[in-house]
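# Per-entry structural report
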Amino acid sequence: DGRLGRDSGQSTFERHAALIGDRRLSLPANASVRTQIVRRLQHDYGNQYVQRLVKHAMQPRVKATRRDNQTSVASINGLVFRQFGAETLPIIPNELKSSVDVRSLSNEELHDRHELIKQTLSQFNESTEETVLLEEQERRAGVEVEIRSEWDAHPSIQSHFRQPELESYRQLRPLYQARGIQNPAEYLDNNIVQVTFFGNSTPAHTDMSAPLQAAENALSGQGINPVIHNYWAFVPRLTASGNLSNHAEGRAVDINRQGNPHIRNQHEIRVIRAVTGVDLGMQQGANVMRQASQTFQSTFSQQWVDQQTQQLQQLQAQANPSQAVQQQIEQLEQLIDSISRRRQALNGYAQRGFFNIQQSLVDALVNAGFSWGGQWQHSKDFMHFEL
């Protein structure tokens, strides 16, 4: 009608379209605000105008400030409403002063317009939801095309991923990208090479070649040929905490895994501390930890466990135990519980020890620039060396 030409110049129309296009207005919590906005536009400009807005809707900027528990002011692209409890009173900007106050309408007129507004908003919401869904589907399809393209272009790295290989790559890819590696397949294809160490070979990052060679040269110069049972670097996988492992970049190597485990379980650390007096949950010297490994092998057995159980039973039998005895009872209960939880792993440590890698090998690798997991603060990964 005539009002469109008079009151809704292009800038006003664009502001209204941005307002209608705000996806936040489709939230249930904003239903009343949404209704009042569309009711205002419907009343002042007509249904055809609102339909045009719906078609032309775009994302707006919305700012809101809280004044107190009774009153809030929201500035939405030039339209300002002040809310008192459940009643919304429009404060008309200069360009809309000729419009009619909605409070002058009868209840029947308000009801009719309310139903029309609900229908219009329903159509708008459905259209918006469909658009969002299509955009998400298109985004995922685009990502999948990228993944497939990367994967197919670099077949040499595929066998390194756990089965199903492509799915494993798909899951790890965002974690590589978080490290700045946007195309992991290409990066790995360009950087993973075979690296040898005393005749043992493993796929690893090319940066591992020089320090491993330096360590080998240092040991050979001393006439030392270390015993290496197993040796492996590149494995695309996560750590126990769900982060991308340095093995996934080939920048870490595990040597002689059996007999040099990663001890991080607090129950295991508690039992080892009780048996040896050494807390692997704290930094310790290599000689101290090696002696603790030997002590655990010679001490931990069923007989030792039975002794702890008997001691606990004797303390529990006391009629009026002191506070110190109660504390000792609690510690023994925790110890026996930890043994029960981790008995299989503890038996393995008693059989093989937990720190058997040669000290000369550890020293050579650390001097060549590797960080050793045996020097970690809260856990000990004796087999692990990384750049």
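It should be noted that the structure appears before, not after, this text.
Now for a look at the structure at hand. (Residues numbered from 1 in each chain as written. Predicted model: local features only at pLDDT ≥ 70, side-chain atom pairs only at ≥ 80, totals over all residues. Heavy atoms only, no water.)

### Things to note about the nonpolar core
For the record, the criterion: Definition used in this section: a nonpolar core is a set of buried Ala, Val, Leu, Ile, Met, Phe, Trp, Tyr and Cys residues joined via side-chain atoms within 4.5 Å. With a 1.4 Å probe rolled over the protein chains alone, any residue whose accessible area is under 20% of its type maximum counts as buried; one over 50% counts as exposed, and the rest are partly exposed. Going along the chain from the N terminus, every DSSP run of H or I of four or more residues is numbered as a helix, and every run of E of two or more is numbered as a strand. In what follows, a contact means two residues having at least one pair of non-hydrogen atoms within 4.5 Å.
Counting residues in each nonpolar core, the largest one holds 48 residues, and the members touching the most others are Phe197, Ile255, Phe296, Phe300, Phe354, Leu365 and Phe385. Element by element, the count of residues in this core is highest for helix H12 (residues 323–341), at five residues. Phenylalanine 296 has contacts with Val271, Ile272, Val275, Thr276, Leu346, Tyr349, Ala350 and Phe354, leaving out every residue within four places of it along the chain. One finds Ile147, Leu188, Phe234 and Leu244 within the second-largest nonpolar core, a separate group that totals 15 residues.

### Observations concerning the pattern of salt bridges
To keep it simple, the criterion reads: In what follows, salt bridge is the name for a side-chain nitrogen of Lys or Arg lying within 4 Å of a carboxyl oxygen of Asp or Glu.
Within this structure, the stated rule accounts for 10 salt bridges. In this structure, glutamate 144 engages arginine 148 in a salt bridge whose closest nitrogen and oxygen atoms are separated by 3.7 Å. Of this pair, glutamate 144 and arginine 148 both sit in helix H5 (residues 107–153), four residues apart, which is roughly one turn of that helix. The exposure class of arginine 148 is partly exposed, given its relative accessible area of 42%. With a shortest N-O distance of 3.5 Å, aspartate 279 and arginine 273 are connected by a salt bridge. In this structure arginine 273 comes out as partly exposed when scored by relative accessible area, which is 35%. Look at the salt bridges and you will find they share partners, linking Glu144, Arg148, Glu167 and Arg170 into a network.

### Focus: the side chain of asparagine 260
Selection criterion: Polar contacts, as counted here, are pairs of nitrogen or oxygen atoms within 3.5 Å of one another; within protein the pair requires one atom able to donate a hydrogen and one able to accept it, and residues that are adjacent in sequence qualify only if both atoms are side-chain atoms.
Mapped onto the secondary structure, asparagine 260 falls in the loop between strand E8 (252–255) and strand E9 (262–263). On the basis of relative accessible area, asparagine 260 is assigned to the buried category, the value being 2%. A distance of 2.7 Å separates a polar side-chain atom of asparagine 260 from the backbone nitrogen of asparagine 356. There is a polar contact of 2.8 Å between the side chain of asparagine 260 and the backbone nitrogen of isoleucine 357.

Note that all results are geometric; they support no functional claim without further evidence.
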